[in-house]
Amino acid sequence: MAHISFYEKPGCGGNARQKALLLAAHHTLDVKDLLQTPWTEEELLLFLSPLAVPDWFNRAAPQVKSGEVVPESLSADAALALLLAQPLLIRRPLMAVGEQRMVGFDTAAVHAWVGLGDQPPPGSLEGCAAAAGHCSSPL
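Heads up: these notes are all about the structure in this document. (Residues numbered from 1 in each chain as written. Predicted model: local features only at pLDDT ≥ 70, side-chain atom pairs only at ≥ 80, totals over all residues. Heavy atoms only, no water.)

Our next topic: the environment of Ala-52. Secondary-structure assignment places Ala-52 in the loop between α2 (41–48) and α3 (62–65). The spacing of Ala-52 and Glu-72 is 20 residues in sequence and 9.3 Å in space, taken between C-alpha atoms. (Helix = DSSP H or I, 4+ residues; strand = E, 2+ residues; numbered from the N terminus.)

Quick look at the structure:
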């Protein structure tokens, strides 16, 4: 059992399913609003720096879906500045256990990290799942 800091977008159906899965595995959560957290470059990079820059972005964000923001075309500095200015673009959830960090919710990776019980669902429970109509609020 782990105590997880879980940064979400309130009202996101995908984040709700992720939290339910973690709670069912007997983890405790300190749920925080990703959009209202006063991120600094250093704090955000603790989560993002192990990943390639395009993997920093929420692919369901309207600006990414429309092509207004093309994560593959951004330098790390430009991407970080954009994410700090517009946290809705940050891939979610962000999770922390002590000094360990994770971005997104690939169930196999989360299961290997903290455990998800005997039968974790396969695949990814990434983000809001808005394309499937499971988000109770706009991205």
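Moving on: the sheet that holds strand β1 (residues 3–8). What the four strands build is an open sheet, ordered β2-β1-β3-β4; its pairing is mixed. Of all strands in the sheet, those with a lone pairing partner are β2 (28–33) and β4 (100–103), marking the two edges. Recorded for the sheet is a direction-independent mean angle of 20 degrees between the axes of neighbouring strands. Bridge count between strand β3 (residues 94–97) and β4: four bridges; the pairing is antiparallel. Bridging across to β4, Met-95 finds its partner in Met-102. Across the sheet, helix α1 (residues 13–24) touches β1, β2 and β3, and the angle it forms with β1 is around 175 degrees. (Pairing = 2+ DSSP bridges. Axes fitted to C-alpha atoms, helices over the stretch in contact; angles between N-to-C directions. Contact = heavy atoms within 4.5 Å.)

Within helix α4 (residues 76–85) the residues assigned to the buried category are Ala-79, Leu-80 and Leu-83. Viewed end-on, α4 has its buried residues packed into an arc of 100 degrees, placing them on one side of the element. Facing away from the buried side of α4 by over 90 degrees, the exposed positions are Asp-77 and Ala-85. Buried residues along α4 sit in contact with α2. (Buried < 20%, exposed > 50% of the residue type's maximum accessible area, 1.4 Å probe, protein only. Arc of directions from axis to C-beta.)

Quick look at the pattern of salt bridges now. Opposite charge on two side chains permits them to pair, given that their charged atoms come into close proximity. Counted according to the given criterion, the structure contains three salt bridges. Ionic pairing is found between Asp-30 and Lys-32, a salt bridge with its closest N-O pair at 3.6 Å. Arg-59 serves as the salt-bridge partner of Glu-72, at 2.7 Å between the closest nitrogen and oxygen. Taken as a pair, Glu-72 in the loop between α3 and α4 and Arg-59 in the loop between α2 and α3 lie far apart in primary sequence, 13 residues in all. (Salt bridge = Lys/Arg side-chain N within 4 Å of Asp/Glu carboxyl O.)

By the bridge criterion, six bridges tie β1 to β2 in an arrangement that is parallel. Residue pairing in the sheet places Glu-8 in a bridge with Asp-33 of β2. Read as a crossover between parallel neighbours, the route from β1 over α1 to β2 is right-handed. (Right-handed = clockwise from strand over helix to strand, strands pointing away.)

This part takes up the packing of aromatic side chains. Here a ring pair, both rings aromatic, is described through the centre-centre distance and the interplanar angle of the planes. Inspection of the entire model under this criterion finds three aromatic pairs. Taking 4.9 Å as the distance between ring centres and 50 degrees as the angle between the ring planes, the aromatic pair formed by Tyr-7 and Trp-39 counts as tilted. Of this pair, Tyr-7 sits in strand β1 while Trp-39 sits in the loop between β2 and α2, and the two are 32 residues apart along the sequence. Across the pair, Trp-39 and Tyr-7 agree in class, each one buried. Ring geometry for Trp-39 against Phe-47: centres 5.9 Å apart, planes inclined by 90 degrees, an arrangement best described as edge-to-face. Between Arg-101 and the ring centre of Phe-47, over which it is positioned, the NZ or CZ distance is 5.3 Å. (Phe/Tyr/Trp six-rings, centres within 6.5 Å; stacked < 30°, edge-to-face > 60°. Lys NZ or Arg CZ within 6 Å of the ring centre and 35° of its normal.)

Keep in mind these numbers describe shape, not what the thing actually does.
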